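Survey of secondary and tertiary structure
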Amino acid sequence: MAQTDAGQTIYIDLKKEQKDAARLCITGVDFSIGTEIQALVRNVSGTYYGSVIECYIQNLKAEFFDQIKRETAAYEARVESINKGGYIVDVQGIKCFLPGSLAAANKITDFDSYIGKKFYVMIDGYVQAKDIFVVSYKKYIQKIMDQKIQELDLTKKYKGHVTGTSAFGVFVEWEDIFTGLIHKTEFENQVVDGFHPGDEIEFYIKEVKDDNRLTLTFGEPIEKTKKLYELKKAADDGTSEIFKATIKHKRKNGALIELTSYGIMAMIPQEKLGKESK
C-alpha cells in the first residue's frame with residue numbers, strides 16, 4: 001500500500017512490478033517502507049492501483065520524444081534480435097528499431113555478429129503506426145566525431161578491418177567509429193587487389209581533412225607529420241614555445257610565414273598582426 005501526495009491510498013502489485021522490471025531489465029526499483037516513488041495511478045472499479053514501472057516507461061517515452069528534436073542525449077542500447085531491415089534493440093527497457101543503415105559507421109557485412117552487442121545510440125524518430133522509436137548509432141558518431149578526431153595519434157599504428165574496395169583504394173573501419181581510405185597510390189602499380197570485406201589490416205593516419213575525412217597509409221609517418229603532431233600536441237597542452245619565423249608572403253587575410261627550425265609553413269591571421277602592421 002502507498003499514499004499519494006493528495007492523501008489517496010493506492011495498491012501496488014509487487015509481483016507484477018518486479019516481473020515487469022525484470023522483463024524490461026530495469027534495476028534499482030526500491031519498494032522499502034517509507035521510500036518515495038513515482039507511480040502512474042489508475043482507478044479500476046473504485047480501487048486505485050499504482051505502477052512504478054508504467055510511470056518510468058511513460059516518462060522515458062516523453063524524454064525520447066523530446067530528444068528527437070533536441071539531439072542532446074545518448075543512450076546505451078543492446079541488440080536483441082534481427083528485424084526486417086535492421087535490429088530490435090533494448091534502450092533502458094524500451095524496445096526500439098535500429099535500421100541496418102544506421103547501425104554502423106559503414107555497411108554491415110555480418111548482421112548476426114551484432115546480436116547481444118552494446119553501444120550508444122541517439123533517438124532518430126518515431127513510427128506511430130508501429131508505436132516504436134527509431135534510434136541511430138550513426139547520429140551518435142556524428143555528434144562525438146569532432147572530439148574523437150582530436151584523440152587520434154598520427155604517429156601510432158592502428159589496426160582495423162576492410163569494409164570495401166573501389167578503384168580509388170581500400171575503405172577501412174576501426175574502433176567502431178572511424179573510417180578512412182588507403183588510396184590506390186599506396187599499392188604497387190596503383191592496383192588494389194587481394195583485400196576483402198572483414199580482412200584485418202594495419203595502417204597509419206596520413207592526413208585529417210577539414211571535413212573529418214581520414215586518409216590512411218601503410219608507411220610510417222614522415223618527419224613532417226611527426227613535427228606537425230608535436231606542434232599540435234604542444235598547442236593543445238598549452239606548452240607551445242616561441243619560434244623564429246621568416247615572412248614568406250603577404251596575403252589579404254594575413255601573413256604566410258615559415259617556422260625556421262621546422263621548415264613548416266604557417267599563417268598569422270590579420271587580426272593577430274594588428275592594424276599597424278604593414
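An account of the accompanying structure is given in this report.

Here is what the cut-offs are and how they apply
Residues numbered from 1 in each chain as written. Predicted model: local features only at pLDDT ≥ 70, side-chain atom pairs only at ≥ 80, totals over all residues. Heavy atoms only, no water. Salt bridge = Lys/Arg side-chain N within 4 Å of Asp/Glu carboxyl O. Helix = DSSP H or I, 4+ residues; strand = E, 2+ residues; numbered from the N terminus. Phe/Tyr/Trp six-rings, centres within 6.5 Å; stacked < 30°, edge-to-face > 60°. Lys NZ or Arg CZ within 6 Å of the ring centre and 35° of its normal. Core = buried A, V, L, I, M, F, W, Y, C linked by side-chain atoms within 4.5 Å. Buried < 20%, exposed > 50% of the residue type's maximum accessible area, 1.4 Å probe, protein only. Contact = heavy atoms within 4.5 Å. Pairing = 2+ DSSP bridges. Axes fitted to C-alpha atoms, helices over the stretch in contact; angles between N-to-C directions. Parallel < 35°, antiparallel > 145°, perpendicular 65-115°, else oblique. Nonpolar A, V, L, I, M, F, W, Y, C, P; charged D, E, K, R; others polar.

1. Points about the pattern of salt bridges
Taken as a whole and judged by the stated rule, the model has 16 salt bridges. In this structure, R70 engages D66 in a salt bridge whose closest nitrogen and oxygen atoms are separated by 3.0 Å. Linking R70 with D66, this pair stays in helix α2 (residues 52-70), spanning four residues, or about one helical turn. With a shortest N-O distance of 4.0 Å, K159 and E202 are connected by a salt bridge.

2. A look at the packing of aromatic side chains
Summed over all chains, the structure comprises 18 aromatic pairs. Ring centres of F65 and Y126 lie 4.8 Å apart, and the angle between their planes is 65°; this geometry places the pair in the edge-to-face category. Pair noted here: F65 is in helix α2 and Y126 is in strand β8 (residues 118-127), with a separation of 61 residues, a long-range link. Looking at K117, its charged tip hangs above the ring of Y114, at a distance of 4.2 Å from the centre.

3. Quick look at the nonpolar core
Note on soluble globular proteins: their nonpolar side chains tend to be buried together. By size, the foremost hydrophobic cluster in this structure holds 52 residues, and its most contacted members are F64, V89, V91 and W174. Element by element, the count of residues in this core is highest for helix α3 (residues 137-150), at six residues. Each residue touching F64, except ones within four places of it in the same chain, is listed here: Y75, V91, I94, C96, I123 and F133. Core analysis: the next-biggest nonpolar cluster, separate from the first, contains five residues, L231, I257, L259 and I264 among them.

4. Examining the pairing of strand β10 (residues 158-166)
Bridge count between β10 and strand β13 (residues 200-208): four bridges; the pairing is antiparallel. Bridge pairing in β13 links H161 to E200. By the bridge criterion, five bridges tie β10 to strand β11 (residues 169-174) in an arrangement that is antiparallel. Within the sheet, the bridge partner assigned to S166 lies in β11 and is G169. Between β10 and β11, which pair antiparallel one after the other, the connecting turn spans two residues.

5. Digging into the packing of helix α1 (residues 14-23) against α2
Their axes nearest at 8 Å, the elements α1 and α2 cross at an angle of 40°. Taken together, the axis directions place α1 and α2 in an arrangement best described as oblique. Residues K16, E17, D20 and A21 of α1 form the contact with α2, whose participating residues are V52, I53 and E54. A per-class count over the contact of α1 with α2 returns three nonpolar, no polar and four charged.

6. A look at the side chain of S136
Checked against the element boundaries, S136 lands in strand β9 (residues 132-136). Given the relative accessible area of 2%, S136 is considered buried. Excluding anything up to four places from it in sequence, S136 contacts L98, L102, V121, M122 and D124.

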